[in-house]
Amino acid sequence: MHERLSFHIKRDSALHRLNPLTKIFLVLALILVAFLNPWYWTPHLLVLIAITPLSLLARVGAEYFRAAARLILPAVGFLFLMQAFFQPVGEEILFQFYFLDVTRESLMFAFSNAMRIFVMVSAFTLFLLTTHPSELMSDLTRRGLPGQFSYVIISTLQILPQIQARAQTTIAAQRSRGLETEGHFIKRAGSLIPLVGPLVLGSLVEVEERAIAIEARGFTSKSLKTSLHDIPDSSIDKALRWALAVIAILSITLKLWLS
Amino acid sequence: MAFVNLQNVTYQYPLTKSPVLQDITLQIEEGEFVAIIGPNGAGKSTLCYALGGFVPHFFKGEFSGMVEVAGKKSSDATLDEWVLTVGLAFQNPFNQISGAKYTVFEEIAFGLENTGVPREEMKSRVEQAMAQTGITDLSDRSPYTLSGGQQQRVALTSILVMQPRLLVLDEPTSQLDPIGTREVFGVIRAMAERGMTVVMAEHKMEWIAQFADRVIALKDGATLLEGTPQEVLTSDLLTENGFGISRYTSVAREARRRKRWRADVPLPVTLDQAAEGFAFTPPS
């Protein structure tokens, strides 16, 4: 069973120490540049000169490459194949697969799109690897995000694995009473019904108790909330955010100007 | 004026036909430890909610009467103000974990963050509270990886750190195994010795006998009996009204029926009293 739903790896690095908002700016700037820059090789270059070095700088290189190889590449690879085969552009046919033509243009198009998605997903992965969810949420709450909103995000991340564990218990309990959970599709779908009842009703009952528990700890207090952890926001953070905002605006302007 | 003062408290949950609390009047002095016993559905939890301000602020329904703690009326306060005066902990340890925090230390600080306690004070209060309840070694663990007894002690600490004037415990050990029960009662004992005013709804008579200054037996939302643990827990009225009683009391009562318990010795509620009583009884 997973203890929690989080990619965060606790390390000490320059990237870890950045303010979460700065990292969000970084992710958004990377995505904007990858998608809007007219030069064909921009996304590839970003992976080479930005994302890979950043993952090494953050000392999460191994984790990042593992995530890239296991999660991102297969998904992006699938996208690449679909677009390469089904994009009806271009004249110069490289090869045919039954009725599907792969042209030079469709291949180029698919590759560049796949790389853009790769940049987007890896930038987010890097963000999640280096940012603790509670740090992110406390920082955003301090900047005016409603406390209820961040509570919903964080508690979902924590409680989902618990619900998953309870689903397993419920399945085991129902199976021990003779419920068949294996076999053909209809039988398996039918076996979900005795699982859903206890799980959903149980969770609803819990919601009330949890509401009482957090009320008992002043969750709806109108006083200004404080935070246990100090989340640093240095002048470097502020300068970086300005620089990244300028990059983002420049790439949007460039895109508008060229079109 | 008593520290805790309930005047004619009557309450009926929405969509129910009869009131669950009926005309309860009750005074508790500062530093007193009061146990509330009663069969299921007697209104123990609802009484705890009424003290904690959740009736009528959280649960709607028909409420009349007055709950007053430390000179303040619950009807005059909002719930978030009231929880600073009265701390409430309840049965299920798992559901009392906020879910918003990743370590025990953060979990205990949650209430202080919500109520705007400055960071330095927050840290020292959390450390102090953890030392009091003996969970300092759990500080960096995830609250979800703890045992039930440990989770319940974290839940208690999370309430105690807010420094309430009155602590209300609604069957804090009913979902725990014997080891967890002993751990949690250890914390409650420490609180009682520190002079905390405590109201505890509980089924476990042996433990009540050790802590309580006074026991209140509830039946159908009204007070049936009130007095010292010795008086209440050995009363014949309890068994007649479907209350559970301590095994020491029930064994001694059976012994008395068979004339093996001296008539002038009161029935026991603790192991020590039982052992003494049986030792003095001459075999016939």
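All values derive from a computational prediction rather than experimental measurement.

Conventions and cut-offs
Residues numbered from 1 in each chain as written. Chains lettered and ligands numbered in written order. Predicted model: local features only at pLDDT ≥ 70, side-chain atom pairs only at ≥ 80, totals over all residues. Heavy atoms only, no water. Helix = DSSP H or I, 4+ residues; strand = E, 2+ residues; numbered from the N terminus. Buried < 20%, exposed > 50% of the residue type's maximum accessible area, 1.4 Å probe, protein only. Contact = heavy atoms within 4.5 Å. Areas by Shrake-Rupley, 256 points an atom, 1.4 Å probe, with all protein chains shown as cover. Lys, Arg positive; Asp, Glu negative; His and termini not counted. Charge placed at Lys NZ, Arg CZ, Asp CG, Glu CD. Salt bridge = Lys/Arg side-chain N within 4 Å of Asp/Glu carboxyl O. Domains from an automatic or database assignment. Buried area = accessible area lost by both parts, 1.4 Å probe. Polar contact = N/O pair within 3.5 Å; in protein donor to acceptor, adjacent residues only side chain to side chain. Patch = residues over 30% accessible without salt bridge, like charges linked within 9 Å, V, L, I, M, F, W, Y side chains within 5 Å.

A. Molecular detail of the overall build of chain A. A tally of regular secondary structure across chain A gives 10 helices and 2 strands. Listed by position from the N terminus, the elements making up chain A come as α-α-α-α-β-β-α-α-α-α-α-α. Its C-alpha atoms give chain A principal-axis dimensions of about 65 × 60 × 35 Å. A total of 259 residues make up chain A; the buried ones form 38% of that total. A fraction of 70% describes how many contacts in chain A between residues 6 or more apart in sequence connect residues 24 or more apart. Counting every atom, chain A has about 15200 Å² of accessible surface; 71% of that belongs to carbon and sulfur. Taking the average place of the 24 positive charges on the side chains of chain A and the average place of its 18 negative ones, the gap between the two points comes to 5 Å.

B. The arrangement of the pattern of salt bridges in detail. Residues and elements named next belong to chain A. Applying the stated rule across the entire model yields 24 salt bridges over all chains. With a closest N to O distance of 4.0 Å, Glu-206 and Arg-210 form a salt bridge. Here Glu-206 and its partner Arg-210 are both found in helix α9 (residues 193-215), 4 residues apart, which amounts to about one turn of the helix.

C. Geometry of unusual backbone geometry. All names here are of chain B. With an omega of 5 degrees, the peptide bond between Val-55 and Pro-56 qualifies as cis. Its place among the elements puts Pro-56 in helix α2 (residues 54-57). With phi around 55 degrees, Gln-163 is a residue other than glycine that occupies positive phi space. With respect to the helices and strands, Gln-163 occurs in the loop between α6 (148-160) and β7 (166-170). Looking at Gln-163, the relative accessible area reads 47%, which means it is partly exposed.

D. Representation of the domain arrangement of chain A within the structure. What the domain assignment reports for chain A is domain 1 (14-138 + 232-258) and domain 2 (146-215). Domain 1 of chain A and domain 2 of chain A are separated by 35 Å when their C-alpha centres are compared.

E. Examining the interface of chain B and chain A more closely. Across the contact, 43 residues belong to chain B and 36 residues belong to chain A. Of the roughly 3500 Å² buried where chain B meets chain A, counting both sides, 56% is carbon and sulfur surface. At the boundary of chain B and chain A, one finds 3 salt bridges. Here Lys222(A) ties to Asp80(B) by a salt bridge, and the two come within 3.0 Å at their closest N and O atoms. Summed over the shared surface of chain B and chain A, the result is 18 residue pairs in polar contact (both at pLDDT 80 or more). Among the secondary structure elements, those contributing two or more residues to the side of chain B that touches chain A are α3 (79-82), α4 (104-114), α5 (119-133) and α6 of chain B. In terms of residue count, α4(B) provides more of the side of chain B that touches chain A than any other element does, 10 residues in total.

F. Spotlight on the side chain of Thr170(A). Relative to the helices and strands, Thr170(A) resides in helix α7 (residues 147-176). Sequence-distant contacts of Thr170(A), defined by excluding residues within four places in its chain, comprise Pro194(A), Leu195(A), Pro198(A) and Leu199(A).

G. Here's a closer look at a nonpolar patch on the surface. All names here are of chain A. Among the surface-exposed residues, Trp-39, Trp-41, Leu-45, Leu-48, Ile-49 and Phe-111 lie close enough to one another that they form a single nonpolar patch of about 660 Å² accessible area. Ranked by residues supplied to the nonpolar patch, first place goes to helix α3 (residues 42-57) with 3 residues. Of note, Ile-49 is situated in helix α3. Take Ile-49: its relative accessible area is 60%, and that puts it in the exposed class.

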